[in-house]
Amino acid sequence: MPSIDVCFSPALLPLYDLTGKIAVAVDVLRATSSMVTALANGVTHIAPVSELEACLAYRNQGYLVAAERDGIKADGFDLGNSPFHYLDDDYTGRLLAITTTNGTQAIRQSRTADEVLIGAFLNVGAVAEYVRRAGKDVVVVCAGWKGLFNLEDTLFAGALAERLQGDFALNNDATLAAFHLYQAAKPDMLGFLSKSSHVQRLERLHILKDTEFCLQEDTYTVVPVLKGDFLV
Ligand code: 3SL
């Protein structure tokens, strides 16, 4: 039986061997939620980029460019990191390059896996279906915050573990912790997360509606997959 494991921060990735496995990179608030929303709403592919300058350079190739640092849209970019930015307009057929504080780094650092998928609560059911069909070991790579643990990405790992139980072994402490935390949080996710660092950070920036949006499960069926440098 394949197994599910959880890496609580990209800083811990050197302790994990992703060879032959599927990595599910997640940054619930808000990078991977925005990416899933963008691809579900017409964007055809996304370049996840580490640095601001490299991201901006994609504009010369006709890309929309998006950037966030510390929760705020970076100057000179078309878009920020709110999922609502990708619902506001018609982006059919557009290409997007995006850089964020943690999410795009987690995606890029997961590239030693056989396949890298993008997960969010918004597409958790579709991700579960994808990995179930693939039948390979899966590691959820939580973006965290600047190398530190965060609660919301851990809850996503727990939600994915719940969807996979029975078909996948939940036989390591990280997955068991995520699974049980998710059971406790599920009845009131927003309440459970209300004191968490990033929800508070976003609240200080007056961004509550993004948090509510990102905590919805199964809004989209799109499963972004990293092909070379691009998510499709
Ligand atoms: O760290 C990230 O990648 C972002 O998702 C953080 S924020 O929600 O845009 O502040």
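Scroll up to find the structure.
Summarised in this report is the structure supplied together with it. Keep in mind the model is a prediction, meaning the values are calculated, not measured.

### So, the side chain of N150
Along the chain, N150 falls in the loop between strand 8 (138-142) and helix 5 (151-164). The class of N150 is buried, set by a relative accessible area of 9%. Looking at N150, its side chain comes within polar contact range of the side chain of E152, at 3.1 Å. A distance of 2.9 Å separates a polar side-chain atom of N150 from the backbone nitrogen of D153. Residue contacts for N150: discarding those within four places in its chain leaves G144 and W145.

### With respect to the packing of aromatic side chains
Inspection of the entire model under this criterion finds five aromatic pairs. Ring centres 6.0 Å apart and planes at 75° place the aromatic pair F121 and F156 in the edge-to-face group. Here the residue F121 occupies a position in the loop between strand 7 (115-119) and helix 4 (124-134), and F156 occupies one in helix 5, the gap between them amounting to 35 residues. Pair check on accessibility: F121 and F156 agree, each one buried. For the cation-ring pair, R201 lies above W145, with the distance from its terminal atom to the ring centre recorded as 3.9 Å. It is K209 that lies over the ring of F84; its NZ or CZ is 4.1 Å from the centre.

Conventions and cut-offs
Residues numbered from 1 in each chain as written. Predicted model: local features only at pLDDT ≥ 70, side-chain atom pairs only at ≥ 80, totals over all residues. Heavy atoms only, no water. Helix = DSSP H or I, 4+ residues; strand = E, 2+ residues; numbered from the N terminus. Buried < 20%, exposed > 50% of the residue type's maximum accessible area, 1.4 Å probe, protein only. Polar contact = N/O pair within 3.5 Å; in protein donor to acceptor, adjacent residues only side chain to side chain. Contact = heavy atoms within 4.5 Å. Phe/Tyr/Trp six-rings, centres within 6.5 Å; stacked < 30°, edge-to-face > 60°. Lys NZ or Arg CZ within 6 Å of the ring centre and 35° of its normal.

This is a description of form; function is not addressed.
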